[in-house]
Amino acid sequence: MPTMPGFDHLRHVVVHAMRPESYWLAIAIALSFAQGLLALLSPWFAGHFASEIMLESSSFDYGLPGLMALWALVLAGQALTRFLSGFLLTRSGARTLAVLSRRLHDHLLALPIPFFESRKRGDLLSLYSNDVASVAHFLTGTLAGLLPAVAVLLGATVMMARIDSQVALLVVLLAPVFFLTLKLLGRGLRSLSDQVAAGQASALGLAGEQLSLIALIKSFNRQHRDGELFASRVRDLLTLRSDQLWWQALLAPALQLLSSLGILLVLWLSAIHLQQGSLELSGFVSLLMYGLLFTRPVSGLANLYGEGLQARGAAQRLQLVFAQAPEPEPEAVSRTALARPGGAIDIARVYFAYPGQKALFESLSLHIPPGEIVAITGDNGAGKSTLLHLLMRFVDPISGVITIGGQNTRKVSLSSLRSLIAIVTQRVLLLDASVADNIRYGMPAATDEAVYAAAGLAQAHAIIQRLPQGYATRIGEGGVRLSGGEQQRIALARALLADPKILILDEATAMFDSQGEADFVANSAAAFAGRTVILVTHRPASLALADRILHLESGVLRQMSVAPEHKEVFEA
Ligand SMILES: Nc1ncnc2c1ncn2[C@@H]1O[C@H](COP(=O)(O)OP(=O)(O)OP(=O)(O)O)[C@@H](O)[C@H]1O
């Protein structure tokens, strides 16, 4: 968007998206210009037509039939160029929209997790549903379509000047009045279009949240109250939309009226010149037709203003997202893989605080030798998940270093780090796909046998076989058609199939039934073989698996030990 200041990141993306279209856009604009030029011919034909029928001296050699035939040809040319330019412009618009949507999605996928924690889902979704479309439509539809319209206006003024210079001067003098009115009326629209966009995102976000919490709403009988909450957002939006529509509805007729009054003035001056004999009838008719040519671009300008405001707001919201830096991975780092993935994990003097909060860890240190099974316990909110997120580099320490096999994890590629670690959390994330596809998520090329083996290790195989279509059973969004324990078993199978060097189980068997957990514990040697395992758990059966138990409290890890006969934990 070359004319708008402060849109650097978006401009880069838009230029990239539109580059493949530049050839077709140039052809479409050229065709639109041709259409505009052909439109300029009609008043000329009308002038000659008038002089033919009034038997004025005509400069046209082929008589009335020839004139009409040529006029018809010009009109056909106008239709053809309009069709071709319209098609090419809308096709370029659709293609630009597709590329922009893809770039937006790729960019969002590359952003760090904290970005998503501070944004509403509805705001992000409306970037796809409204903003990208608004910018693409403005650039390829409105703006590209406007250039020829401006050319028609200029061309018509030049043609008028050739017939009657005083009339053309009047048109030039009226133009600033017109633009001033456009600016004044548009002022009311500007802030409204931003507020409407924010209101739309907020209503969309609330609807999305409520639909995803449908069971909660029903269990607390909140249908009415939550429905009312949504209704009040929609009412607010409607008030804003009504105001916006009022201004929008006013804009086009006001401009139309202004330009019609201008045409009346032109007509009046032309009539005076006709009566004075300084203007022929053919010139008079042509002038009138050129005046009428002004009306279409004028109402187009009113639309342009409204759409321009919407596109500006959309561009601002997109710019805010594109300006966000992706997960920190400088070029040099992105090519460095972990050299010793099976090496020891060392967390050294890590200081970490969430933005605006007091430090969670001031100097956290931990050494985990390769192949160790370490359990971490701690109260709710002690920072266990945060510690795992630091390992995965979902967040980075403010100071201190985390190394694997002696390599600083901030100096290796994120992909090599994350392909080393598999994490199973209490809140399982599953896709609306088959059980097999969910297990294969990280390893799409895995064979059926490998999938069954991983499911076996996770104590999931027998349960999956009892599902209606076994491994082919579709499990619904987020795995809604499965029980909590079934979901966890599938997530565990998915993690094991990835054959990670580091396996992190964050209360990963909490929803297993007691037999399932006992089976998993009894067979864990096979699942844990050759891996470093971090268990976040309070469950005695799982704690008993650990070589070492650490208790996290006040940002410090203390070693505990287990009394095997009681499975009780006490400080060592
Ligand atoms: N994204 C976040 N932004 C701000 N604060 C956060 C964020 N995530 C966690 N916290 C805060 O950091 C603290 C540690 O949270 P964390 O989830 O690491 O604890 P936990 O030990 O895993 O707890 P639990 O046993 O309940 O799972 C909590 O006080 C929590 O409120």
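Just so it is clear, the structure is predicted and the values come from calculations on it, not from any experiment. (Residues numbered from 1 in each chain as written. Predicted model: local features only at pLDDT ≥ 70, side-chain atom pairs only at ≥ 80, totals over all residues. Heavy atoms only, no water.)

Chemist: What is the right way to look at a positive patch on the surface in this model?
Modeler: There is a patch of like positive charges on the surface, built from Lys183, Arg187, Arg190 and Arg312. At 3 residues, the largest contribution of residues to the positive patch is made by helix H6 (residues 165–212). With respect to the helices and strands, arginine 190 occurs in helix H6. Judged by relative accessible area, arginine 190 falls into the partly exposed class, the value being 41%. (Patch = residues over 30% accessible without salt bridge, like charges linked within 9 Å, V, L, I, M, F, W, Y side chains within 5 Å. Areas by Shrake-Rupley, 256 points an atom, 1.4 Å probe, with all protein chains shown as cover. Salt bridge = Lys/Arg side-chain N within 4 Å of Asp/Glu carboxyl O. Lys, Arg positive; Asp, Glu negative; His and termini not counted. Charge placed at Lys NZ, Arg CZ, Asp CG, Glu CD. Helix = DSSP H or I, 4+ residues; strand = E, 2+ residues; numbered from the N terminus. Buried < 20%, exposed > 50% of the residue type's maximum accessible area, 1.4 Å probe, protein only.)

Chemist: Honestly, the site of the ligand in this entry has me stumped. Any pointers?
Modeler: All residues adjacent to the ligand are Glu117, Tyr354, Gln357, Leu360, Asp379, Asn380, Gly381, Ala382, Gly383, Lys384, Ser385 and Thr386. A distance of 2.9 Å separates an oxygen atom of the ligand from a polar atom in the backbone of glycine 383. In the model, an oxygen atom of the ligand is placed 2.7 Å from a nitrogen or oxygen of the lysine 384 side chain. Taking 630 Å² as the accessible area of the ligand by itself, protein coverage stands at 62%. When its residues are assigned to classes, the shell around the ligand shows 3 nonpolar, 6 polar and 3 charged. (Near = heavy atom within 4 Å. Polar contact = N/O pair within 3.5 Å; in protein donor to acceptor, adjacent residues only side chain to side chain. Nonpolar A, V, L, I, M, F, W, Y, C, P; charged D, E, K, R; others polar.)

Chemist: Would you explain the packing of helix H5 (residues 121–163) against helix H9 (residues 281–293) in this entry?
Modeler: Helices that pack against each other are described as a pair by the angle of their axes relative to one another and the distance between those axes. Between H5 and H9, whose axes approach to 10 Å, the crossing angle comes to 160°. Comparing the axis directions of H5 and H9 gives the class roughly antiparallel. Read as a crossing pair, H5 and H9 show a hand that is left-handed. Residue-level contacts link Val152, Ala156, Met159, Met160 and Ile163 of H5 to Gly283, Ser286, Leu287, Tyr290, Gly291 and Leu293 of H9. A class-by-class count of the residues in the contact of H5 with H9 yields 8 nonpolar, 3 polar and no charged. (Axes fitted to C-alpha atoms, helices over the stretch in contact; angles between N-to-C directions. Parallel < 35°, antiparallel > 145°, perpendicular 65-115°, else oblique. Left-handed = near helix turned anticlockwise from the far one by under 90°. Contact = heavy atoms within 4.5 Å.)

Chemist: Help me understand the side chain of arginine 489 in this model?
Modeler: Secondary-structure assignment places arginine 489 in helix H17 (residues 484–497). When near neighbours in sequence (up to four residues on either side) are disregarded, arginine 489 contacts Ala458, Gln459, Ala460, Ile463, Phe512, Asp513 and Gly516.

Chemist: Help me understand the nonpolar core, please; the structure alone is not making it clear to me.
Modeler: As a rule of thumb, soluble globular proteins bury nonpolar side chains together. By size, the foremost hydrophobic cluster in this structure holds 44 residues, and its most contacted members are Leu100, Leu104, Val135, Leu251 and Leu318. It is helix H10 (residues 295–322) that provides the largest number of residues to this core, a total of 11 residues. Residues contacting leucine 100, with those up to four places away along its chain left out, are Val13, Val14, Ala17, Val132, Val135 and Ala136. One finds Phe512, Phe520, Leu545 and Ile549 within the second-largest nonpolar core, a separate group that totals 41 residues. (Core = buried A, V, L, I, M, F, W, Y, C linked by side-chain atoms within 4.5 Å.)

Chemist: How do you make sense of the packing of aromatic side chains when you look at a structure like this?
Modeler: Aromatic rings in a pair are described by how distant their centres are and how their planes are angled relative to each other. Under the counting rule described, the total for this entry stands at 9 aromatic pairs. Between tyrosine 452 and tyrosine 471, the aromatic rings sit 4.7 Å apart at their centres with planes inclined by 50°, giving tilted as the arrangement. Taken together, the positions of tyrosine 452 in helix H15 (residues 448–457) and tyrosine 471 in the loop between helix H16 (461–465) and H17 put the pair 19 residues apart, joining distant regions of the chain. Judged by its relative accessible area of 33%, tyrosine 452 falls in the partly exposed class. Cluster of aromatic residues (ring-pair linked, three or more members): Trp44, Phe45, Phe49 and Trp71. Sitting over the face of the ring of tryptophan 24, arginine 91 holds its NZ or CZ atom 4.8 Å from the ring centroid. (Phe/Tyr/Trp six-rings, centres within 6.5 Å; stacked < 30°, edge-to-face > 60°. Lys NZ or Arg CZ within 6 Å of the ring centre and 35° of its normal.)

Chemist: Whenever I open this one, the pattern of salt bridges confuses me. Can you help?
Modeler: Close approach of charged atoms allows side chains with opposite charge to pair. Tallied over the entire structure, the rule returns 14 salt bridges. The salt bridge partner of glutamate 327 is arginine 418, with a shortest N-O separation of 2.8 Å. Here the residue glutamate 327 occupies a position in the loop between H10 and helix H11 (331–334), and arginine 418 occupies one in helix H13 (residues 414–418), the gap between them amounting to 91 residues. With a relative accessible area of 16%, glutamate 327 lands in the buried category. Where salt bridges share partners, they join Arg393, Asp396 and Arg410 into one cluster.

Chemist: For this particular structure, what's the right way to read the environment of histidine 551?
Modeler: With respect to the helices, strands and loops of the structure, histidine 551 is situated in strand E9 (residues 548–553). Every residue in contact with histidine 551, bar those within four places of it in the chain, is listed here: Thr377, Gly378, Val556, Leu557, Arg558 and Met560. Polar side-chain contacts of histidine 551 include one of 2.8 Å to the side chain of threonine 377.

Chemist: Before we go on, may I ask you to explain the packing of helix H3 (residues 63–110) against H5 in this structure?
Modeler: The interhelical angle for the contact between H3 and H5, taken along N-to-C directions, is 145°, at an axis separation of 9 Å. Considering only the axes of H3 and H5, their crossing is right-handed. Residues Leu89, Ser92, Gly93, Thr96, Leu97, Leu100, Ser101, Leu104, His105 and Leu108 of H3 pack against Leu124, Leu127, Tyr128, Val132, Ala133, Val135, Ala136, Thr140, Ala144 and Gly145 of H5. Considering only residue class, the contact of H3 with H5 consists of 13 nonpolar, 7 polar and no charged.

Chemist: Looking at this structure, how should I read the UniProt feature "transmembrane region" (unreviewed entry) in the protein?
Modeler: Mapped onto this numbering, the UniProt entry gives "transmembrane region" (unreviewed entry) at residues 23–46, 67–89, 135–155, 167–186, 245–269 and 281–302. The span residues 67–89 shows a helical share of 100% and a strand share of 0%, and its end C-alpha atoms are spaced 32 Å apart. In residues 245–269, helix accounts for 100% and strand for 0%; the two terminal C-alpha atoms are 36 Å from one another. (UniProt positions renumbered as here; feature names shortened; annotations may be inferred.)

Chemist: I tried to follow the pairing of strand E3 (residues 373–378) on my own but got confused; where do I start?
Modeler: Side chains on a regular strand alternate between the two faces of the sheet. Within E3, 6 of the 6 residues are buried, which leaves the element mostly enclosed by the surrounding structure. Pairing of E3 with strand E8 (residues 532–536) involves 4 bridges; the strand directions are parallel. Bridge pairing links valine 374 to isoleucine 534 in E8. Two strands pair when backbone bridges link them, and E3 and E9 are joined in this way by 5 bridges, in the parallel orientation. Looking at the pairing, threonine 377 lines up with histidine 551 of E9. (Pairing = 2+ DSSP bridges.)

Chemist: Help me out: how do you make sense of the sheet that holds strand E5 (residues 407–408) in this one?
Modeler: Sheet strands line up and pair through hydrogen bonds in the backbone, either parallel or antiparallel. Strands sit in the order E2-E1-E4-E5 across an open sheet of 4 strands; the sheet is antiparallel. With partners counted over all chains shown, the strands left at the sheet margins are strand E2 (361–368) and E5, one partner each. Strand direction decides the pairing type here: strand E4 (residues 399–404) and E5, joined by 2 bridges, are antiparallel. In the sheet register, isoleucine 404 faces E5, and the bridge partner there is glutamine 407. Seen against the sheet, helix H12 (residues 384–392) touches strand E1 (345–352), E2 and E4 and runs at an angle of roughly 115° to E1.

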